[in-house]
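# Fold and geometry: a report
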Amino acid sequence: TLEMQLGAIVHASTIGGDVSELGGGGGVSCDPPFPGLFGVFQSPAFSDYEDNAIGGNLTVAGLQTCWLGMLRNDVHGSLGAFKNTMADPDAGEIVQNTVRRDIACVANNPASQFGDSGASPNVVSGHAFGQCGFDVYQPDPNYPNGDGTGGPQPISVKAPHKSW
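Our subject in this report is the structure included herewith. Every chain's residues receive numbers from 1 upward, in the order its sequence appears when written. Only residues with pLDDT of 70 or above have their local features reported here, since the model is predicted, and side-chain atom pairs are shown and tallied only from 80 upward, although totals for entire chains, interfaces and linings are computed over all residues. Hydrogens are left out, water is left out, and the side-chain values use all remaining heavy atoms of the structure.

The number of helices and strands found in the protein chain is 1 helix and 20 strands. Against the compact-globule benchmark of 15 Å for 164 residues, the protein chain has a radius of gyration of 15 Å, which places it among compact chains. Structurally, the protein chain occupies a C-alpha span of about 50 × 40 × 25 Å along its principal axes. Partly exposed describes any residue whose relative accessible area lies between the buried limit of under 20% and the exposed limit of over 50%, with all areas from a 1.4 Å probe on protein chains only and scaled to the type maximum. Burial analysis of the protein chain (164 residues in total) assigns 46% to the buried set. Every residue pair with non-hydrogen atoms within 4.5 Å of one another is taken to be in contact. The contacts of the protein chain with a sequence gap of at least 6 include a subset with a gap of at least 24, amounting to 51%. Only the protein chains shown count as covering a residue, and every accessible area follows the Shrake-Rupley method with a 1.4 Å probe. When the accessible surface of the protein chain is summed, it comes to about 7800 Å², and 55% of that surface belongs to carbon and sulfur atoms. Put simply, DSSP marks the helices as runs of H or I at least four residues long and the strands as runs of E at least two long, and each gets a number from the N terminus on. Radius of gyration: over C-alpha atoms. The globule rule applied is 2.2 Å multiplied by the number of residues raised to the 0.38 power.

Pasting the structure below:
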């Protein structure tokens, strides 16, 4: 569990249990923070979980930052994003995850979206709630709609029935 960090970057990792990021961030700003590692690289604070195998749950809650991404993770438990506030209007890219249980995205600003990720919807075996619900459609600039501008598609889709 990470608490009160500027940010977290977890890519291409295998984690046997739960991953939780609770609170923290560099504030609702895309200015590089000072002091800290993000400031050294003149990068805004952000958190990003991409291409991971997570044996339990993945949860990010109460983060105040520039950008948050949760993309292409294989989550054997549930995925949750709760009350996160991001300054970048392209933030909140919570897509193309395979979730073996439930997904819930609640009170995030901006809401879960495709942004410029080029990702596909989350595939969920259990239930999908809130901003990541099965009935939530978001614009996707990479999804063909016939006029070349992209079209809406669901943030999450139900996984085909199969035993994991």
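Here the narrative resumes, following the displayed structure.
When DSSP finds two or more bridges between two strands, those strands count as paired. An order of β2-β5-β9-β13 is seen for the 4 strands of this open sheet, with the pairing classed as parallel. Each having just a single partner strand, β2 (9-11) and β13 (93-95) make up the two edges of the open sheet. Each adjacent strand pair in this sheet contributes to an overall mean axis angle of 10°, direction not counted. As paired elements, β2 and strand β5 (residues 46-50) share 3 bridges and run parallel to each other. Bridging from a neighbouring strand, Ile-9 pairs with Asp-48 of β5. Angular values range over 0 to 180 degrees, each being the angle between N-to-C directions of two axes fitted as lines to C-alpha atoms, with helices fitted over their stretch in contact.

What follows concerns the sheet that holds strand β20 (residues 156-158). Strand pairing in a sheet relies on backbone hydrogen bonds. The paired strands run either parallel or antiparallel. Spatially, β3-β6-β10-β14-β16-β20 is the arrangement adopted by the 6 strands of the open sheet, whose pairing is parallel. Unpaired on one side and paired on the other, β3 (14-15) and β20 mark the two borders of the sheet. By the bridge criterion, 3 bridges tie strand β16 (residues 122-124) to β20 in an arrangement that is parallel. Each bridged residue has a counterpart across the sheet, and for Val-123 the counterpart in β20 is Val-157.

This next bit is on the environment of Gly-16. Structurally, the position occupied by Gly-16 is in the loop between β3 and β4 (19-22). Between the alpha carbons of Gly-16 and His-76 there is a distance of 9.6 Å; along the sequence they are 60 residues apart. Setting aside residues up to four positions removed in sequence, Gly-16 forms contacts with Gly-55 and Gly-56.

For the rest of this paragraph, the subject is the pattern of salt bridges. Any carboxyl oxygen of Asp or Glu within 4 Å of a side-chain nitrogen of Lys or Arg constitutes a salt bridge here. Following the criterion strictly, the structure yields 3 salt bridges and no others. Put simply, Asp-74 and Arg-100 hold a salt bridge, and the shortest N to O gap is 3.1 Å. Here the residue Asp-74 occupies a position in strand β10 (residues 74-75), and Arg-100 occupies one in the loop between β14 (98-99) and β15 (103-106), the gap between them amounting to 26 residues. We classify Arg-100 as buried; its relative accessible area is 18%. Through salt bridges that share partners, Glu-50, Asp-51 and Arg-72 make up one connected network.

What follows covers a nonpolar patch on the surface. Patches in this entry comprise residues that are over 30% relatively accessible and not in a salt bridge; like charges within 9 Å are linked, as are nonpolar side chains (Val, Leu, Ile, Met, Phe, Trp, Tyr) within 5 Å. Together, Leu-37, Val-40 and Phe-41 line one region of the surface with nonpolar side chains, adding up to about 370 Å² of accessible area. Secondary-structure assignment places Leu-37 in helix α1 (residues 37-40). Taking relative accessible area as the criterion, Leu-37 reaches 59% and is therefore assigned exposed.

Our focus in this paragraph is the state of the cysteines. Two cysteine sulfurs form a disulfide in these notes if their separation is within 2.5 Å. Summed over all chains, the structure comprises 2 disulfides. Here Cys-30 pairs with Cys-66 through a disulfide, and the sulfurs are 2.0 Å apart. Since a negative S-S torsion denotes a left-handed disulfide, the Cys-30-Cys-66 link at about 90° is right-handed. Residue Cys-30 is found in the loop between β4 and α1, and its partner Cys-66 is found in the loop between β8 (64-65) and β9 (67-71); the two are separated by 36 residues along the sequence.

Read these as geometric descriptors, not functional statements.
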